[in-house]
Amino acid sequence: MKYAMLVLKNLMRSKRRTMLTIFSIAVSLFIFSALISLPTVANELLADTASSVRVAVHNEAGLTYALPEAYRTRIATTPHVVAVVGESWFGGIYHEVSDSFPNLAVDPEQVEPMWTDWDISHQAFEQFRKIRTAAFVGSGTMKRFGLHVGQQIMLRGTVYPINVTLQIVGTIGGKAPPNFLLFRRDYLEEALKRPGMVSIFWVRVDNAGSVHKVIADIDRQFANSSAETQSESEGSFMRSFMDNYKAFFTLAEVLGLIVVLTIGLVAANTAAMSIRERRGEIAVLRSLGFSSRLILGLLLTESLLIGVIGGVLGCGTAFLVLKAFSSGSPAAGPLSAIRMPPIVLLETLAVAALIGLLSAFVPAGAAARRSIVDTLRAVG
Amino acid sequence: MAIPLKYNVRSLLVRRVSTAMTAGGIALVVAVFVVVMAMVAGFDSTIRDSGSPDNMIAVRKGSTTETGSAFSLDQFEALKFLPQIRRDKDGQPLASPEVPVQVLMEKIGGGRENIVLRGVKPVAMKVHDKVRIVEGRMFDPALNEAIVGKALLKRYANGTIGSTMRLGRGSWKVVGIFDAAGSSFESEVWAGAQKVQDDTQRGSYYASVVMKMAPGADSAALIRRLADDPRINLQGETEPDYYRDQSVVASQLRRLGMLVALIMAVGAVFAAMNTMYAAVAGRTQEIGTLRALGFSPGAVMGSFLLESLTLAVAAGLIGVALALPFNGLSTAFGNYVTFSTLSFQFRVTLAIMIQALLFAAVMGVAGGFLPARQAMRLSVVDALRRS
């Protein structure tokens, strides 16, 4: 600790350089942490569904092919099935195409036992069963458009030639995707005057162990019918959606890596510069009896401090910015669901510390080992 | 009189390691810029190239994409003889009713992905003038036959001529491969309109109609007619307009890429400033000598700015060179406007390269300005005295 003043004094010696280095590390780690938040959030969502007891049943031909509504009762009688909810894609838009969010119509009866993990109160579920135009809205979408429970909103159909007017009765929270809107399928069917078709049946099974058995049972039941089914666990269903964006996630990760490389170069350069200028002093310290190891330690501490301060500034700002983004502005578009998971904060700080240590390692090592006599003579 | 550029180049070479590290940082920023822009350009042009300026597309009113549209055969019959629509030499109107549906297609190496299966009539080949069969033959609309877009072959299984694919509920025999000048149609499978309607079990309907406009036809008048005629009642748009809306994903990506590159550039500018400040500090005596020789303060400042600019532009060239191997690389991703997978290639265009070099130059000037001004302000006597 008694060397703390020495390290601080050295950092303050060239204030401008220290500030510039800290800022460039901060700026780079800001973008790094924001970039890797994207794939990390996606992976966390997938990990959450791994233990899910829900199964998605859709037409084997693809999601645009419907299934007959009558399948519901047949699925419900399959052993281990606890609840079945039919779901249809509505694809309505609230204001404009560019600010759209997923909206779906679901059978109201068994929504409560199906999504117990969505933090919806019993009263809200009750209202959803009572009010024909009821809707649940994801917390992200609520914030983004400044909506509140009790409000009426209208969605303009793009897939179907109708508009629906809905009354918000509850907020979807918990582990649900934050941007969904759910309303009642009986209301949609009535508006369409074309009852009977469903895009997906969500099936809840009694425990995670019976997921595979139920999947096989359901698909066997409808094999060789005019609408064959493909059942998937919730995790694999989500994964097939996310795979669409895989290239995007890979890009974010690669960019993140390049950012770290770039900042590594920058930091190494500054560390080398600042140590080179101090060769004479280092030789003097050593001739006074400071060991090479102590000097190496002091130089590394200095550089570590620069890295960590930059890291804290960078990911702190990114955390706040993402928080501001996800809590509102429609300008964020599809990124509105992004947030920074704690693991990313830790990763960024670790990267910051590594940048600090590694960047100074070579020049500091060289300076600490250099022959005292030569150095003192060269400096004169 | 200006200080010769040679002085700057040699100064940069004296501090080899430091110069290389600073240049490396800038080069990586430039490379990121080029790669992201090349990806966006490829994605964007793949969508936009799908349109022809003299084509009009009509969908059900209120629909934003053709995959979310449906209308009756009568509506098509009512529009196809409109005077604004071009006729072929047999007098047949060049109006192509289409039924695009999303189906799952098996990938090479497992898994399935959404692609578009487009039901068309033979007239489609005349309306979409970029589409031509490069191998095999056209499908027979009376049979479950299909032709496959060239871009699908690398990514999906069973696309070759003679094989049978399962798409939707049915099986389709591949009889031809088509090229569409790099546009998004190359990520589609085309088959007979009626066969596709049968497959979806949604009855007889079309989702869109693409019309080739007669030379000199007024597109605004045609759009009004399509909307106002009660027998037609459709929403028309020229293809370039329609496909521009489909590529909102590209413009969002472009904005994101710019933002990332810009923030990285701020970091790189700080780094360049550090290097240039060190250069000025290390060469105080030289600056004094130059001034004593009669070079003006402006010449000194110009010289240091030029040095920073040289460093940045050289780094920019390296960055562009680093990014060049990405040119032509194919990839694919989901367009969440159409919910189907689009295969496309990175395109490093000349415009992107020029922008990248300008970007590098701006970084150089921004990083060099303050240190250069400091060099200019040194007093001759002080500079010479300091050792």
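Residues numbered from 1 in each chain as written. Chains lettered and ligands numbered in written order. Predicted model: local features only at pLDDT ≥ 70, side-chain atom pairs only at ≥ 80, totals over all residues. Heavy atoms only, no water.

Undergrad: Just to check I follow, could you spell out the interface of chain A and chain B for this structure?
TA: How large an interface is tends to be reported as the accessible area lost when its parts come together. Listed as interface residues are 42 residues of chain A and, on the opposing side, 50 residues of chain B. Taking both partners together, chain A and chain B bury about 4300 Å²; carbon and sulfur atoms supply 66% of that area. Three residues, A:Leu20, A:Tyr65 and A:Asn244, lead the burial of chain A against chain B; their summed loss comes to 14% of the area buried on that side. Between the two partners, chain A and chain B, sit two salt bridges. (Contact = heavy atoms within 4.5 Å. Buried area = accessible area lost by both parts, 1.4 Å probe. Salt bridge = Lys/Arg side-chain N within 4 Å of Asp/Glu carboxyl O.)

Undergrad: Could you clarify how one ought to interpret the pairing of strand E3 (residues 81-89) of chain A in this entry?
TA: Residues in a regular strand project their side chains so that they alternate between the two faces of the sheet. Residues and elements named next belong to chain A. Burial analysis of E3 places seven of its nine residues in the buried class, the great majority of the element. Sheet topology note: the E3/strand E10 (residues 200-205) ladder contains six bridges and is antiparallel. Across the sheet, the residue bridging to Val-85 is Trp-202, located in E10. Sheet topology places E3 next to strand E4 (residues 103-106); three bridges connect them, and they run antiparallel. Its bridge partner lying in E4, Glu-87 is registered against Val-106. (Buried < 20%, exposed > 50% of the residue type's maximum accessible area, 1.4 Å probe, protein only. Helix = DSSP H or I, 4+ residues; strand = E, 2+ residues; numbered from the N terminus. Pairing = 2+ DSSP bridges.)

Undergrad: So what exactly am I meant to see when it comes to the packing of helix H2 (residues 15-49) of chain A against helix H8 (residues 248-282) of chain B here?
TA: What describes two packed helices is the angle between their axes and the distance between those same axes. One way to put it is that H2(A) packs onto H8(B) with a least axis distance of 9 Å and a crossing angle of 160 degrees. Between H2(A) and H8(B), the angle is such that the two are roughly antiparallel. When the axes of H2(A) and H8(B) are compared, the crossing they make is left-handed. Along its contact with H2(A), which presents A:Arg16, A:Arg17, A:Leu20, A:Thr21, A:Phe23, A:Ser24, A:Val27, A:Phe30, A:Ile31 and A:Leu35, the element H8(B) presents B:Val260, B:Ile263, B:Met264, B:Val266, B:Gly267, B:Phe270, B:Met273, B:Asn274, B:Tyr277 and B:Ala278. Residue composition of the contact of H2(A) with H8(B), by class: 14 nonpolar, four polar and two charged. (Axes fitted to C-alpha atoms, helices over the stretch in contact; angles between N-to-C directions. Parallel < 35°, antiparallel > 145°, perpendicular 65-115°, else oblique. Left-handed = near helix turned anticlockwise from the far one by under 90°. Nonpolar A, V, L, I, M, F, W, Y, C, P; charged D, E, K, R; others polar.)

Undergrad: In this structure, what is going on with the packing of aromatic side chains? I would like to understand it.
TA: How two aromatic rings sit relative to each other is given by the distance of their centres and the angle of their planes. Applying the stated criterion to the full structure yields 20 aromatic pairs over all chains. Summarising the aromatic geometry, the rings of B:Phe185 and B:Trp190 are spaced 5.6 Å apart at their centres and angled 75 degrees between planes, so their arrangement reads as edge-to-face. Note on B:Trp190: relative accessible area 0%, which makes it buried. When the centroid spacing of 5.8 Å and the interplanar angle of 50 degrees are considered together, the rings of B:Phe326 and B:Phe346 count as tilted. Taken as a pair, B:Phe326 in the loop between helix H10 (297-323) and strand E11 (330-335) and B:Phe346 in the loop between strand E12 (340-345) and helix H11 (350-377) lie far apart in primary sequence, 20 residues in all. In this structure an aromatic cluster arises from ring pairing among A:Phe90, A:Tyr160, A:Phe183 and A:Tyr187. (Phe/Tyr/Trp six-rings, centres within 6.5 Å; stacked < 30°, edge-to-face > 60°.)

Undergrad: Help me understand the packing of helix H2 (residues 16-48) of chain B against H11(B) in this model?
TA: Residue and element names in this part refer to chain B. Between H2 and H11, the least distance of the axes is 10 Å, while the angle of their chain directions is 150 degrees. Classified by the angle between their axes, H2 and H11 sit roughly antiparallel to one another. As for how H2 packs across H11, the hand of that crossing is right-handed. Counting all contacts with H2, which are made through Ile-26, Val-29, Val-30, Phe-33, Val-34, Met-37, Ala-38 and Ala-41, the residues of H11 involved are Ile-352, Gln-355, Ala-356, Phe-359, Ala-360 and Met-363. Grouping the constituent residues of the contact of H2 with H11 by class yields 13 nonpolar, one polar and no charged.

Undergrad: How should the confidence of the model for chain A be read in this particular structure?
TA: As a note on interpretation, predicted positions should not be read in detail where pLDDT is low. Residue and element names in this part refer to chain A. Averaged over chain A, the pLDDT score is 86; the fraction of residues at 70 or greater is 94%. For chain A, the element scoring lowest by mean pLDDT is helix H14 (residues 372-379), at 75; strand E8 (residues 181-184) scores highest, at 95. Contacts for the low-pLDDT stretch residues 328-336, under 50 throughout, to residues beyond four places or in other chains number twelve contacts. (pLDDT = per-residue confidence, 0-100.)

Undergrad: Explain the sheet that holds E8(A) here, please?
TA: All names here are of chain A. The strand order across the open sheet built from nine strands is E6-E7-E5-E8-E4-E3-E10-E1-E11, with neighbouring strands paired in mixed fashion. Strands with a single pairing partner mark the edges of an open sheet, and in this sheet they are strand E6 (152-156) and strand E11 (229-233). Each adjacent strand pair in this sheet contributes to an overall mean axis angle of 35 degrees, direction not counted. Its contacts with the sheet place helix H9 (residues 234-242) against strand E1 (54-59), E10 and E11, and it is angled at close to 100 degrees to E11.

Undergrad: Mind showing me how you'd approach the environment of A:Lys323 here?
TA: Residues and elements named next belong to chain A. Structurally, Lys-323 is set in helix H12 (residues 292-326). Looking at Lys-323, the relative accessible area reads 52%, which means it is exposed. Remark: the alpha-carbon pair of Lys-323 and Met-340, spanning 17 residues in sequence, is separated by 7.8 Å.

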